[in-house]
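# Structural overview
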Amino acid sequence: MAETCTRKLIVEVCNAKNLMPKDGQGTASAFATVDFDGQRRRTKTKFRDLNPEWDEKLEFLVHDTESMATEMLEISLYNDKKTGKRSTFLGKVKIAGSAFVKSGGETLVYYPLEKRSVFSQIKGELGLKVYYIDEDPPAPPAEQKPEAKAPETEENKPAQEAKPEEEKKEEEKKKEEPKTESNKEVKKEEEKPSPPSPQEEPKKAEEAAPPVKVENPPLADSEKKQSKEEKEKAEIVKRSEVAINDIELRSLGSDRSRSAYDLVDRMPFLYVRVVKAKAAKNESKSPVYAKLVIGTHSIKTKSQSDKDWDKVFAFDKEGLNSTSLEVSVWTEEKKENEEATQECSLGTVSFDLQEVPKRVPPDSPLAPQWYTLESESSAGNEVMLAVWIGTQADEAFQEAWQSDSGGLLPETRAKVYLSPKLWYLRLTVIQTQDLHLGSGSEAKVRNPELYVKAQLGAQLFKTGRTSFGSASCSSANPTWNEDLVFVAAEPFEPFLTVTVEDVTNGQSVGHAKIHVASMERRTDERTEIKSRWFNLVGGETKPYTGRIHVRVCLEGGYHVLDEAAHVTSDVRAAAKQLAKAPIGLLEVGIRGATDLLPVKTMDGTRGTTDAYVVAKYGSKWVRTRTILDRFNPRWNEQYTWDVYDPCTVLTIGVFDNGRYKRDEAAGKQDKDVRVGKIRIRLSTLDTNRVYLNQYALTVLLPSGAKKMGEIEIAVRFSCSSWLSLIQAYTSPMLPRMHYVKPLGPTQQDILRHTAMRLVTTRLTRSEPPMGQEVVQFMLDTDTHMWSMRRSKANWFRVVGCLTRVATLARWIEGIRTWVHPPTTVLMHVLLVAIVLCPHLVLPTIFMYAFLILAFRFRCRQKVLLNMDSRLSYVDMVGPDELDEEFDGFPTTRSHDVVRIRYDRLRALGGRAQTLLGDFAAHGERLEALWNWRDPRATGIFVVFCLVASLVFYVVPFKVFALGSGFYYLRHPRFRDDMPSVPISFFRRLPSFADQIL
């Protein structure tokens, strides 16, 4: 008997909306076919309905739970040919296995129907719920006993019962299966496998057992009765599935022990693995330790009685000042009359570093060997160890004692951090009923004002006030109908506390607690959330003080912004069902830094820097190891990220580590010091090209801007599908909910900073913790604060864009005044041509644009831009303005009254600063389109100009003008809530906002 499958995939085909009529009578009779892992199911046909509702559950067996993420679920809609002349295709939906959720986390998701080919006329959406269920396999011992007693009768009965049921299924297939040519071809392909031999038929009958009853008859055999050969083939297929997706494999290969390290230099390390020692006299149970000496480097293992260490030591070969390695074993003996321990050497073994073997992965690890210890006092002692020369790609490097990073200090080790998954929690406060406000006479006289307060962790939001029992109030029950939006991080806080407060006496009427993990989740606005009533509890003496009517849910259709908008690195929705496949892979090689300035003093005598690098993209943070006491550190570490959107930014920061030294007197750790930061916009990178550059590290201090050194970074953005990459430029930046049900600017800003605080709190609680100052510097948490320097920079960015308009105006004025007569004569000829041939205006403009952009392609920027101190105006501000920029909020520089006015002015200035930055970004995007800053975006525009030029040679201008007018004045019914393709394309163009310090 084959092993029972313990996982089932459930696909609920709920409904479809706005299908394309395909039956020739303005309607469609749709049915759905669902394919997964060689299994096919079919729904019933809904006749003459463009918005059909099926509400059917289809079950599939998951044969391999580990490879489920690589499988693809495909749902196709067809028009039943019984009601029309032909069976036609209505659309399809493909869902990757990585988007499947476990039972309990499913939500109704509407997927847009995709075309089968370029010429297909498809529209509409399909509502689905997809989830899986894990079932425990039945206990085998209980079932084996009855089989042993009567094997013949029990084996024959299921085979006999299976035959009539299979015949019934075949008859139902013939009735329900549409007689189209496409379905016939599919059926023939499924029937192609050779019929089973007479020897295999009884085996299949034995394995048939009581067949699973399925409400909807499958189009293909869902019960796979595999022989031994078929099982072996299936295992081979499952193993080969791992190599299907190159992008997923390369992201899995981002582990340092397996990555190619082709973007960084190979650093030679001397590895010494000390396993254990063996003494000639086993009677002694004194603690034993091993000591390694290479020139001035000396390190020893822990003292252990069992003589087993199994520790690996990695010495940076460039920092070695000797050509020999000495490994000695020592014992610690304690005499009865003396308190101090006496160390006794068991022997020493020496190695010449020039004769040490070299090992480079994927070579197998070097086997340790026994070496005899040379000693004058005691002979016969041995130590087991292995010595080899490898690189940082060695498997033992991550867990080894490292000479350049201080050994085994956790604060100096390389780590990967993950930001918590963030959700928006929406609480809609509707009304309250049956409130107990104390004595009835007092409550009626004073007409109290009430408001609702909700708290999730440290987040606290309040509704507006409403009067209770007043004559102006139309209802006797206080009503609000207000939305309160919170940021929830996984794992969620246990409860959301909702409290009704009385403003008159400042006391709480009652509170209710809502379990966050059990809240309903939705992915779009079409899913209706059910409202619920909760009883209000006043305290121990008041178990019931009324009830409150609320609607609460977790919004999975939004992307929770946790960083500044102009440097965002992730735009994916929170719900797993809306996840898309990655379009590329980002590889970053952090090579090293040069000419770093000293940040602190060592022993009060000389300056030093203990530098490390933090890189952030999406939810993944990486931190390199800390290179101690070097002004030219070399890390040579390589990391990878999956890319889901090309118009995102990679942030890399350099810091001085101050946390690995703990102040024993105060019991506190020093903070890490900023050294510098760079940003790289992925849309400015050519695909499959390595960028190896050195970037200046500039940090802004109260005394002014200061260059702290340079960092060498290698970047490569690889993409396997150009079609998906170009398609990303035409899609909206954020998920659909941001446009259908947008959040207000003020509310969005509050939620962004709340998300930043949550991410900072979670990362500081990691082990080892990432400093709060590091996270805030990487996320740019202070970009909303008032800064005279940033305001000047944004103002001059606007002026820089307007200078192009002024130059054009001066050029036209020069033509009018005959400054250059040949140009003026040419413009006269052009004017006559425009008047006589107006249909050549647009083709000529687009052709000129195509030729100019094609000519400027050679002059495009081939070096990645970095933080621009001139653009940031760091050298044109005084110390008082810098002091204002570094001042906290609220300010502490003046009296209370002046402080309030000053804070108000700074808040208004921050809004004006943001407005100026957005206005400047629009102008810079237009400029970037013509300067090939984003090669792909400009390339798309070049192709558009060429195609538009050819099209307008054919289409008359009058037709175009009339069509444009009708399109602009079209009825709201024919408008879409989502932004158009030109707007989405324009918003994806790069600006200089990511280069402002």
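The name that an unreviewed UniProt entry assigns to the chain is C2 domain-containing protein, with the source organism given as Salix viminalis. Heading Subcellular location (unreviewed entry) of the UniProt record for the chain holds this comment: "Membrane". In its Sequence similarities (unreviewed entry) section, the UniProt entry covering the chain states "Belongs to the MCTP family."

### Comments concerning the overall build of the chain
In terms of regular secondary structure, the chain is built from 20 helices and 41 strands. Per-residue burial for the chain yields a buried fraction of 44% across its 997 residues. Once local pairs closer than 6 in sequence are excluded, the contacts in the chain between residues at least 24 apart make up 71%.

### Concerning the side chain of N15
Mapped onto the fold, N15 is located in strand β1 (residues 7-17). Of note is the side chain of N15, whose polar atom sits 3.3 Å from the side chain of Y110. The residues touching N15, leaving out its near neighbours within four places in the chain, are P52, E53, W54, Y110, E125, L126 and G127.

### A word on the pattern of salt bridges
Across all of its chains, the model carries 43 salt bridges by this definition. Note that R273 is salt-bridged to D310, the shortest N-O span being 3.0 Å. Linking R273 in strand β10 (residues 269-278) with D310 in strand β13 (residues 308-316), this pair joins segments that are 37 residues apart in sequence. You can call D310 partly exposed: its relative accessible area is 43%. Across the salt bridge formed by R689 and D686, the nearest N and O atoms sit 3.2 Å from each other. With a relative accessible area of 18%, D686 lands in the buried category.

### Notes on the confidence of the model for the chain
Summing up the model confidence of the chain, the mean pLDDT is 80 and the portion of residues at 70 or higher is 83%. This model gives residues 142-259 a pLDDT under 50, and the stretch forms 106 contacts once residues within four places in sequence are excluded.

### Describing the nonpolar core
Membership of the largest hydrophobic core comes to 38 residues, with the highest contact counts inside it found for L586, I652, I711 and I713. Those elements that provide at least two residues to this core are β30 (584-594), β33 (611-617), β35 (634-643), β36 (649-656), β39 (673-681), β40 (690-701), β41 (704-718) and α8 (722-730). The element best represented in this core is β41, accounting for 5 residues. Look past the residues within four positions of I711 in its chain and what remains in contact with it is G592, A593, V613, I652, V654, I678, N693, Q694, Y695 and L697.

### Topic: the sheet that holds β39
In space, the 5 strands of this open sheet follow the order β19-β34-β33-β36-β39, with antiparallel pairing throughout. A single partner strand is all that each edge strand has here, and the edge strands are β19 (415-418) and β39. Recorded for the sheet is a direction-independent mean angle of 20° between the axes of neighbouring strands. For β33 and β36, the ladder comprises 6 bridges, and the chain directions are antiparallel.

### Re the packing of α8 against helix α18 (residues 935-954)
The N-to-C vectors of α8 and α18 enclose an angle of 85°; their axes lie 11 Å apart at closest approach. In terms of axis orientation, α8 runs roughly perpendicular to α18. Contacts from W722, L725, I726 and Y729 in α8 reach R936, A937 and I940 in α18.

### Digging into the packing of aromatic side chains
Counted by the stated rule, this structure contains 21 aromatic pairs. Relative to Y271, the ring of F269 has its centre 6.3 Å away and its plane inclined at 50°; by these criteria the two rings are tilted. Here the two residues F269 and Y271 agree in accessibility, since each one is buried. Between R116 and the ring centre of F89, over which it is positioned, the NZ or CZ distance is 4.3 Å. Here R623 stacks its cationic end above the ring of Y612, 5.6 Å away from the centre of that ring.

### Quick look at helix α16 (residues 879-886)
Structural remark: α-helix, 3.6 residues per turn; residues separated by three or four positions point the same way. Of the residues making up α16, those classed as buried are E881, L882, E884 and E885. Axial view of α16: buried residues confined to an arc of 155°, hence all on one face. Within α16, the exposed residues directed more than 90 degrees away from the buried face are P879 and D880.

### Comments concerning the sheet that holds β30
Read from one edge to the other, the open sheet built from 4 strands follows the order β35-β30-β41-β40, with strand pairing classed as antiparallel. Two strands in the sheet have a free side with no partner beyond their single neighbour: β35 and β40. Strand after strand, the sheet turns through a mean of 30° between neighbouring axes, direction not considered. Across 8 bridges, β30 lies against β35 in antiparallel orientation. Each bridged residue has a counterpart across the sheet, and for V588 the counterpart in β35 is Y639.

### Examining the packing of helix α10 (residues 745-764) against helix α11 (residues 772-779)
Put simply, α10 and α11 touch, their axes get as near as 9 Å, and they point 140° apart. In the packing of α10 onto α11, the handedness of the crossing is right-handed. Residue-level contacts link M756, V759, T760, L763 and T764 of α10 to Q772, V775, Q776 and L779 of α11. Grouping the amino acids of the contact of α10 with α11 by side-chain chemistry returns 5 nonpolar, 4 polar and no charged.

### Overview of the environment of C647
When you line up the elements, C647 lands in the loop between β35 and β36. Given a relative accessible area of 3%, C647 falls into the buried group. Each C-alpha atom of the pair C647 and A728 lies 8.8 Å from the other, and the pair is 81 residues apart in sequence. Dropping the residues within four chain positions of it, C647 is found in contact with R681, S683, Y729, M733 and R988.

### Some points on a nonpolar patch on the surface
Where nonpolar side chains cluster on the molecular surface, the patch consists of L840, L946, L950, Y953 and V954 and spans about 470 Å² of accessible area. Structurally, L946 can be placed in helix α18. The exposure class assigned to L946 is partly exposed, which follows from its relative accessible area of 32%.

### Let's talk about the environment of M733
By secondary structure assignment, the location of M733 is in the loop between α8 and α9 (737-740). With 162 residues separating them in the primary sequence, M733 and V571 have C-alpha atoms 6.9 Å apart. The contacts of M733, once residues within four sequence positions are left out, are V571, C647, Y739 and R988.

### Here we look at the pairing of β13
Note that β10 and β13 share 7 bridges and pair antiparallel. Bridging from a neighbouring strand, V272 pairs with F313 of β13. Relative to strand β18 (residues 401-402), β13 runs parallel, the two being bridged by 2 bridges. What sits directly across from A314, in β18, is Q402.

### Let's talk about α18
If you check α18, its first and last C-alpha atoms are 29 Å apart, about what 20 residues at 1.5 Å a residue would give, namely 28 Å. What α18 keeps buried is the set P935, R936, A937, T938, F941, V942, C945, A948, S949 and F952.

### With respect to unusual backbone geometry
The linkage connecting E490 with the following residue, P491, adopts the cis geometry, with an omega of -10°. In this fold, P491 is placed in the loop between β24 (479-489) and β25 (495-502). The peptide bond linking E767 to P768 adopts the cis configuration, its omega dihedral lying at 0°. Note on placement: P768 falls in the loop between α10 and α11. At N636, a residue that is not glycine, the phi angle is positive and equals roughly 55°. Structurally, N636 is set in strand β35. Of note, N688 is a non-glycine position whose phi angle comes to about 55°, a positive value.

What counts, and at which threshold
Residues numbered from 1 in each chain as written. Predicted model: local features only at pLDDT ≥ 70, side-chain atom pairs only at ≥ 80, totals over all residues. Heavy atoms only, no water. UniProt positions renumbered as here; feature names shortened; annotations may be inferred. Helix = DSSP H or I, 4+ residues; strand = E, 2+ residues; numbered from the N terminus. Buried < 20%, exposed > 50% of the residue type's maximum accessible area, 1.4 Å probe, protein only. Contact = heavy atoms within 4.5 Å. Polar contact = N/O pair within 3.5 Å; in protein donor to acceptor, adjacent residues only side chain to side chain. Salt bridge = Lys/Arg side-chain N within 4 Å of Asp/Glu carboxyl O. pLDDT = per-residue confidence, 0-100. Core = buried A, V, L, I, M, F, W, Y, C linked by side-chain atoms within 4.5 Å. Pairing = 2+ DSSP bridges. Axes fitted to C-alpha atoms, helices over the stretch in contact; angles between N-to-C directions. Parallel < 35°, antiparallel > 145°, perpendicular 65-115°, else oblique. Phe/Tyr/Trp six-rings, centres within 6.5 Å; stacked < 30°, edge-to-face > 60°. Lys NZ or Arg CZ within 6 Å of the ring centre and 35° of its normal. Arc of directions from axis to C-beta. Left-handed = near helix turned anticlockwise from the far one by under 90°. Nonpolar A, V, L, I, M, F, W, Y, C, P; charged D, E, K, R; others polar. Patch = residues over 30% accessible without salt bridge, like charges linked within 9 Å, V, L, I, M, F, W, Y side chains within 5 Å. Areas by Shrake-Rupley, 256 points an atom, 1.4 Å probe, with all protein chains shown as cover. Expected span 1.5 Å × (residues − 1).

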